[in-house]
Every structure is written in C-alpha cells, then in structure tokens.
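One letter stands for each residue in the lines below.
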Amino acid sequence: MKPFSIRATASASLFAFSLLQLSAPANPAFAAVAIPDGVAAQDPAGFGPLDPAPPTGMTPQQIIEKFAARESVFNQARQNYTFRQIVKVDTLTEDTNRVDGEYQQVTDITFNADNKREEHVVFAPQNTLERVMMTPADFDEIEHRLPFVLTTEDLPKYEITYLGRQHIDELDTYVFSAGPKVLEKGKRYFQGKVWVDQQDFQIVLVNGITVPQDKRKGHEDLSPPFTTYYEQVDGKYWFPTYTKAEGNLHFVAQEGALSQDVHMRNVVKYTDYKQFHATARIIYNGEDITDKKAPADNKQPPPATSKPPQNP
C-alpha cells in the first residue's frame, strides 16, 4: 500500500498495522494472541496457560512432520473448493477514530466450464481511500500469506521450534514458533506462532508477520503482524476464514517533508467454502482420499469451535 503524498514514495503492504490494541469481544472462540518477537500483549481470553513440558507419545519432530503432511493434504484439497473473499480496508482519524476512507471488495472464487479457477467481483463500491492506495502486493498478501499453510514441502525452508501445549476454548493445541532459515531475495515468508490441533494435526490459528521487510527510506515495504483464524469445514479440514488487525502505518519523512502516520483497520473474511465436484482427485500416498478425511487419524473430529470474533 502506498501513501497519497506529493513528496512521499514509500510503500507498504495492505495489512500495515499492529495487533497490540486488538481487543477481545464478549464471547470469542479465539481472542487476540501475543504477537511474535517477545512483544507484550493483553492477556487473551479463552487461552489457557502454555505448558512447555515435552509432548507425550510423540517427539516434537514427529508432530511437526505429521501436521506438515496433513497440511500438504489440505493444501491440495482446498484447490478443489470454491469460496467467497470479503476485503475491507479502513483508514481512521487519530483524534476521533472515525473512518475517513474505505476500500471494499467481495470476490467469488469459482471454477469455469474447463474446471479452471476464476475470480468474479460481485461487490465493489467506490473506493474512498485518500491517504493510501492499494497495490498488487496487497492482494498477493491476501492470497498467499494471510491464509498461512505449512506443508511438508515448506519444512526445509523453516526453522520450527516446539513451544508447548495450550488449551484454547474447546481445543487442545500444540504451539510452535516458525521462521525462515534463510531469506532468499525476492521471496517472502511467515514468521511467528502456529497453533496445531492435537487431534486433527492441522493449523487452527496463526499469529505472525511477513518477512523480510524493506525499511529503506523512501522504499518502505512493511507488513506488520496479523492473526488468522481457522474453522473446520466438511468435518475434514481447517480452512482459514478470518484475518484482522489494527494499528498505525508509519511512513518516514523524506527530503524535508513531514512524516505520515496512517491509522488502519482491516478485515478479510473467507466464507462459503464448498467442494467443487469435478474430475479432480486428491491422491495421498497412492490412495484416493478425495471424499475421505485426511489420513492417519481414526478419531472423530471435534466441533468446529475455532471461530473468529463475532463483532470485529
């Protein structure tokens, strides 16, 4: 996202904000969580204490390998789902916290007659943002980094550390930190915390930041922390459904111009997931699991309780 300014040319991604002031609603399924890099945050409602004791029955590495394998299955399965994507980006005045600019777009992700993915914009009111402008990088962030998936194929790129076990509302989870081993030029990665359901071995919540960030004066490319919530769909997979954050985007002063801070509040929702029944199949270890629950789990799935705040 770029600021509208005569002298400023700095850019930043869509979700340029902080989670420090994200407040919990009255009855959240998942509330705000501590942001990465040791920054203190409010005590989250619904979160039990983190138990750092080693897991029982499996080593941390075995858990990592198992949930990454399940994420690989899910990543392939979700390519056969349609859904609706709702984006809302607001800028707010610092004195009254009033919305002074807004971008909205509702897009249906579907398939055409040739079974190829298509995007259909179904609602797009006039863009009233005046202090910032949307960029292609913003939409890339929505599509590829906010709905984070950590697959077996991704494991060699990441340093993953077991942090412990934590009870969140109705779910028992394993908690991990994850960050890139090496920052490759032209590529961006997730860095933060990942919560994995102990029964389904899938990600149910992430809180982190996209790295690296370009902080060069006049060329800022910033992507502050975000939280993405997941819900269970079809009793098989945990899909990303909701991302939210709020805070200030800071553009550094250039050539005598005043610095520019923009207070933003942004929400992305992914809704109405439906499996597209076509000729596509999901093959895992030589077995067709297109209409089956992901492998290596004979237990019944828990209720879909990993829901985001109801009143963002």
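Residues numbered from 1 in each chain as written. Predicted model: local features only at pLDDT ≥ 70, side-chain atom pairs only at ≥ 80, totals over all residues. Heavy atoms only, no water.

## Topic: the confidence of the model for the protein
In the predicted model, the protein carries a mean pLDDT of 78, and 71% of its residues have values of at least 70. Throughout residues 5-43 the model reports pLDDT below 50, and contacts reaching past four residues in sequence, or to other chains, amount to 128 contacts. Note that residues 293-305 has pLDDT below 50 and, in this model, 38 contacts with residues that lie over four places away or in other chains. (pLDDT = per-residue confidence, 0-100. Contact = heavy atoms within 4.5 Å.)

## Quick look at helix α1 (residues 60-77)
Since there are 3.6 residues in each turn of an α-helix, residues three or four apart along the chain are aligned in direction. The terminal C-alpha atoms of α1, which comprises 18 residues, lie 26 Å apart, in line with the 26 Å expected from a rise of 1.5 Å per residue. Among all positions of α1, only Ile 63, Ile 64, Phe 67, Ala 68, Ala 69, Arg 70, Glu 71, Ser 72, Val 73, Phe 74 and Ala 77 are buried. (Helix = DSSP H or I, 4+ residues; strand = E, 2+ residues; numbered from the N terminus. Expected span 1.5 Å × (residues − 1). Buried < 20%, exposed > 50% of the residue type's maximum accessible area, 1.4 Å probe, protein only.)

## A closer look at the nonpolar core
Within the largest apolar cluster, 60 residues are counted, with the highest numbers of intra-cluster contacts made by Phe 148 and Phe 176. Here this core takes 7 residues from α1, the largest share from any one element. Ignoring sequence-local partners within four residues, the contact set of Phe 176 consists of Pro 60, Ile 63, Ile 64, Phe 67, Ile 160, Thr 161, Tyr 162, Leu 163, Gly 192, Lys 193, Val 194 and Val 196. (Core = buried A, V, L, I, M, F, W, Y, C linked by side-chain atoms within 4.5 Å.)

## Some words on the sheet that holds strand β9 (residues 203-211)
Hydrogen bonds between backbone atoms are what pair the strands of a sheet, whose relative direction is either parallel or antiparallel. Read across the sheet, 10 strands follow the order β4-β3-β2-β12-β11-β10-β9-β8-β7-β6 without closing on themselves; strand pairing throughout is antiparallel. Pairing within the sheet leaves two strands with one partner each, and these edge strands are β4 (117-123) and β6 (158-168). With strand direction ignored, the average angle separating the axes of adjacent strands in the sheet is 20°. In the packing of α1 onto the sheet, the strands contacted are β2 (81-92), β6, β7 (171-180), β8 (189-197), β9 and β11 (237-251), and the crossing angle to β11 comes to about 95°. (Pairing = 2+ DSSP bridges. Axes fitted to C-alpha atoms, helices over the stretch in contact; angles between N-to-C directions.)

## Considerations on the pattern of salt bridges
Within this structure, the stated rule accounts for 8 salt bridges. Across the salt bridge formed by Arg 84 and Asp 108, the nearest N and O atoms sit 2.6 Å from each other. Here the residue Arg 84 occupies a position in strand β2, and Asp 108 occupies one in strand β3 (residues 99-111), the gap between them amounting to 24 residues. Across the pair Arg 145 and Asp 140 runs a salt bridge whose closest N-O atoms are separated by 3.0 Å. Bridged by salt links that share partners, the residues Asp 140, Glu 141 and Arg 145 form one connected network. (Salt bridge = Lys/Arg side-chain N within 4 Å of Asp/Glu carboxyl O.)

## Quick notes on helix α2 (residues 136-144)
Considered for burial, the residues of α2 that qualify are Asp 138, Glu 141 and Ile 142. Here the buried residues of α2 occupy an arc of 95° about the axis, which is enough to place them on one side. Contacts made by the buried residues of α2 are with β2, β5 (132-133), β9 and β12 (260-275). (Arc of directions from axis to C-beta.)

## So, the pairing of β11
With 12 of 15 residues buried, β11 is to be regarded as a mostly interior element. Inspection of the sheet shows strand β10 (residues 226-233) paired to β11 by 7 bridges, in the antiparallel sense. When the sheet's bridge partners are listed, Thr 227 is paired in β11 with Lys 244. The hairpin turn running from β10 into β11, its antiparallel successor, is 3 residues long, and Asp 234 in that turn takes a positive phi close to 60°. The sheet contact formed by β11 and β12 spans 10 bridges and is antiparallel. Note on β12: the bridge partner recorded for His 250 is Asp 261.

## Notes on the packing of aromatic side chains
One pass over the full model with this rule turns up 19 aromatic pairs. Ring geometry for Phe 190 and Phe 226: centres 6.1 Å apart, planes at 65°, overall edge-to-face. Linking Phe 190 in strand β8 with Phe 226 in strand β10, this pair joins segments that are 36 residues apart in sequence. A single burial state applies to Phe 190 and to Phe 226, both of which are buried. Among the aromatic residues, those joined into a ring-pair cluster are Phe 74, Tyr 81, Phe 83, Tyr 237, Phe 239, Tyr 270 and Tyr 273. (Phe/Tyr/Trp six-rings, centres within 6.5 Å; stacked < 30°, edge-to-face > 60°.)

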